[in-house]
Amino acid sequence: MKTLTDRQQEVFGRIDKDARPSRWQDWKWQIRHSIRDIETFEKLFCIQFSDEERQELDKTVGRFPVSITPYYASLIDTDEIENDPIFKQSFPNRWELEMNPCELADPLAEDKDSPAPGITHRYPDRVLFLVSNTCSMYCRHCTRKRRVGDRDFIPDRETILEGIEYIQNHPEVRDVLLSGGDPLMLSDEYLDWILTELRAIEHVEIVRIGTRMPVVLPYRITDGLTEMLKKHHPLWINTHFNHPREITASSREALRKLADAGIPLGNQSVLLAGVNDCPRIIKALVHKLVENRVRPYYLYQCDLSEGLVHFRTPVGKGIEIIESLIGHTTGFAVPTYVIDAPGGGGKIPVQPNYIISWSTNKVVLRNYEGVITSYQQPDSYKPYFCDRNCRDCHLQLKLGDADEWKAVGIQKLLDDSDQSISLIPKSNERHNRREAE
Ligand SMILES: *Cc1c(COP(=O)(O)O)cnc(C)c1O
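Owing to the predicted nature of the structure, the values given are computational and were not obtained by experimental measurement.

## Notes on the overall build of the chain
1) Next: When you go through the chain residue by residue, the secondary structure sums to 16 helices and 12 strands.
2) Next: Here the C-alpha atoms of the chain give a radius of gyration of 24 Å, agreeing with the 22 Å that 2.2 N^0.38 yields for 437 residues.
3) Next: Across its three principal axes, the chain shows a C-alpha extent of roughly 75 × 50 × 50 Å.
4) Next: For the chain, the residues scored as buried account for 44% of the 437 residues in total.
5) Next: For the chain, restricting intrachain contacts to residue pairs at least 6 apart in sequence, the fraction spanning at least 24 positions comes to 71%.

## Here we look at the site of the ligand
1) Next: Around the ligand, the neighbouring residues are Thr120, Arg122, Tyr123, Arg126, Leu128, Leu177, Arg208, Tyr297, Tyr298 and Lys347.
2) Next: A distance of 2.6 Å is found between an oxygen atom of the ligand and a side-chain nitrogen or oxygen belonging to Tyr297.
3) Next: Between the ligand and Tyr298 there is a distance of 2.5 Å, counted from an oxygen atom to a side-chain nitrogen or oxygen.
4) Next: Within the complex, 90% of the 380 Å² of free accessible area of the ligand lies under protein.
5) Next: Among the elements of the structure, β1 (119-123), β2 (126-130) and β7 (294-300) are those that each provide at least two residues to the shell around the ligand.
6) Next: Partitioned by chemical class, the residues of the shell around the ligand number five nonpolar, one polar and four charged.

## Brief notes about the sheet that holds strand β12 (residues 372-376)
1) Next: In space, the three strands of this open sheet follow the order β10-β11-β12, with antiparallel pairing throughout. In the strand order of this sheet, the two ends are held by β10 (355-358) and β12, each with one partner. Put simply, the sheet's adjacent strands are angled 20 degrees from each other on average, direction ignored.
2) Next: Pairing between strand β11 (residues 362-366) and β12: five bridges, direction antiparallel. Looking at β12, one finds that Val364 is bridged to Ser374.

## Thoughts on a negative patch on the surface
1) Next: A contiguous patch of negative charge, built from Asp77, Asp79, Glu80 and Glu82, is present on the exposed surface.
2) Next: Look at Asp79 and you get exposed, because its relative accessible area is 72%.

## Some details on the sheet that holds β7
1) Next: Pairing within the open sheet is mixed, and its nine strands lie in the order β1-β2-β3-β4-β5-β6-β7-β8-β9. Among the strands making up the open sheet, the edge pair consists of β1 and β9 (346-349). Neighbouring strand axes in the sheet, compared pairwise and without regard to direction, differ in orientation by 30 degrees on average.
2) Next: As paired strands, β7 and strand β8 (residues 336-341) are joined by three bridges and run parallel to one another. Counterpart to Tyr300 in the pairing with β8 is Val338.
3) Next: Taken strand by strand, helix α12 (residues 249-260) contacts β5 (235-239), β6 (265-270) and β7, and its axis lies near 140 degrees from that of β6.

## A closer look at the packing of aromatic side chains
1) Next: Here the structure, examined in full by the defined rule, presents 12 aromatic pairs.
2) Next: Residues Trp24 and Trp29 carry aromatic rings whose centres are separated by 6.0 Å and whose planes lie at 45 degrees to one another, so their mutual orientation is tilted.
3) Next: For Trp24, a relative accessible area of 0% puts it in the buried group.
4) Next: With a relative accessible area of 2%, Trp29 lands in the buried category.
5) Next: Between Tyr297 and Tyr298, the ring centres sit 4.1 Å apart and the planes meet at 35 degrees, which makes this aromatic pair tilted.
6) Next: The partly exposed category is assigned to Tyr297, whose relative accessible area is 30%.
7) Next: Looking at Tyr298, the relative accessible area reads 17%, which means it is buried.
8) Next: Joined through ring pairs, the aromatic side chains of Phe41, Phe45, Phe49, Phe87 and Phe91 make up one cluster.
9) Next: The ring of Trp193 carries Arg157 above its face, with NZ or CZ at 4.4 Å from the centroid.
10) Next: Residue placement shows Arg220 over the ring face of Trp27; its charged tip is 4.0 Å from the ring centre.

## Remarks on the domain arrangement of the chain
1) Next: For the chain, the assigned domains are domain 1 (6-96) and domain 2 (119-353).
2) Next: Using C-alpha coordinates to define each centre, domain 1 is positioned 24 Å away from domain 2.
3) Next: Overall, the association of domain 1 and domain 2 removes approximately 2700 Å² of surface from exposure, summing both partners, and the carbon and sulfur fraction of that is 59%.
4) Next: Among the residues domain 1 hides against domain 2, the three largest losses belong to Trp27, Tyr71 and Gln89. Together they make up 29% of the total.
5) Next: At the boundary of domain 1 with domain 2, the tally comes to four salt bridges.
6) Next: Among the ionic pairs, Arg245 bridges to Asp84, the shortest N-O distance being 2.7 Å.
7) Next: One can count 18 residue pairs in polar contact (both at pLDDT 80 or more) joining domain 1 with domain 2.
8) Next: Listing elements by their share of the side of domain 1 that touches domain 2, those giving two or more residues are α3 (27-32), α5 (51-63), α6 (70-73) and α7 (85-90).
9) Next: Looking at the side of domain 1 that touches domain 2, the element that brings in the most residues is α7, giving five residues.
10) Next: When grouped by side-chain class, the residues that make up the side of domain 1 that touches domain 2 number 16 nonpolar, 10 polar and six charged.

Basis of the calculations
Residues numbered from 1 in each chain as written. Predicted model: local features only at pLDDT ≥ 70, side-chain atom pairs only at ≥ 80, totals over all residues. Heavy atoms only, no water. Helix = DSSP H or I, 4+ residues; strand = E, 2+ residues; numbered from the N terminus. Rg over C-alpha atoms; globule rule 2.2 N^0.38 Å. Buried < 20%, exposed > 50% of the residue type's maximum accessible area, 1.4 Å probe, protein only. Contact = heavy atoms within 4.5 Å. Near = heavy atom within 4 Å. Polar contact = N/O pair within 3.5 Å; in protein donor to acceptor, adjacent residues only side chain to side chain. Areas by Shrake-Rupley, 256 points an atom, 1.4 Å probe, with all protein chains shown as cover. Nonpolar A, V, L, I, M, F, W, Y, C, P; charged D, E, K, R; others polar. Pairing = 2+ DSSP bridges. Axes fitted to C-alpha atoms, helices over the stretch in contact; angles between N-to-C directions. Patch = residues over 30% accessible without salt bridge, like charges linked within 9 Å, V, L, I, M, F, W, Y side chains within 5 Å. Salt bridge = Lys/Arg side-chain N within 4 Å of Asp/Glu carboxyl O. Lys, Arg positive; Asp, Glu negative; His and termini not counted. Charge placed at Lys NZ, Arg CZ, Asp CG, Glu CD. Phe/Tyr/Trp six-rings, centres within 6.5 Å; stacked < 30°, edge-to-face > 60°. Lys NZ or Arg CZ within 6 Å of the ring centre and 35° of its normal. Domains from an automatic or database assignment. Buried area = accessible area lost by both parts, 1.4 Å probe.

Following this line, the structure appears as structure tokens:
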């Protein structure tokens, strides 16, 4: 059993007089002793909020409850607490009650796009499957804040089976993304059962799990868990580090166990004002991630969820960060910066412009240094007309591998055989006038 840091020992001693390290590293102990009210926090950290502050905090907690694992709380630097990235992500802030009309309870319309309990089917070939409505730590920036703490529960087998049945009945679903809540709040046995059920579906090619456990409760990654997960390959895991300070000896150990179990690891960060809205912080973060075999996957623009106004940055901040990464560092250390479209349009990638101009012969580009260069396009390339009839094509694609047969969205406009010449919004007045005539 590894020894605890001084800080962990201090927090630990205040919660549990019988301070054996094995208890601190027991994830169930951590969940049982999560900080769920302001008073406990004050006691643990020897902080006293003023009456006025207390009133505002109580109001905030009444609306959006608090839960912080002792482990995550022990990472807070109390010397400069008001600027601490760990504190800001876990401790309530009166700004959460500040609502703008543009902020919504369900900005991504996940509930509207839900054909079965827990399922959001937004993209053609993959579904989001919420298998837990609880987390060990309630992130203050949670996009599903509407649900946090309202009813902490894990769906029963019957409800889960409804979701699984939906997937069974939809052969186009080749990728299932388990999320929540945190799916690793489930017991090993329950998760094993869900994964076994999913694996039994022939058309499900991959399963992914989205979890913040390596960040907020790394002791959840036990040998027993990784042994179980290993049985369900190909299985991918995405986690959620936002700041380099979250990468500790304990979280490194959790990541090592997962990577050693052959699980490809990705990371989804959220761009948060006052936490990580700085190119140097993000660069330090992505470097630490790849050092621990985690591929930075997405950097999210903060969603328009209620209670997040103080975390939101202009989109320009994200572009500035990506500008500072592309070319300046390892290609696979650069996440894709995305805006999840309000209303349920899905993730939209945004990045700086690299194409400056082009003609039929040449493309003019700029690189990360500002050098402007040109690329000569081939004269010899013979465009061919594609009617999506692969049988008559000289390119060798076995038809069995190409079950997609019609173009969708902007693809339609590029498609040689599709007759569409434009995509017109339903509300287009000019078009509606035409229809009426
Ligand atoms: C993010 C998301 C996915 C997965 O998207 P990828 O870009 O494939 O990672 C699937 N469904 C929903 C509803 C999502 O929000």
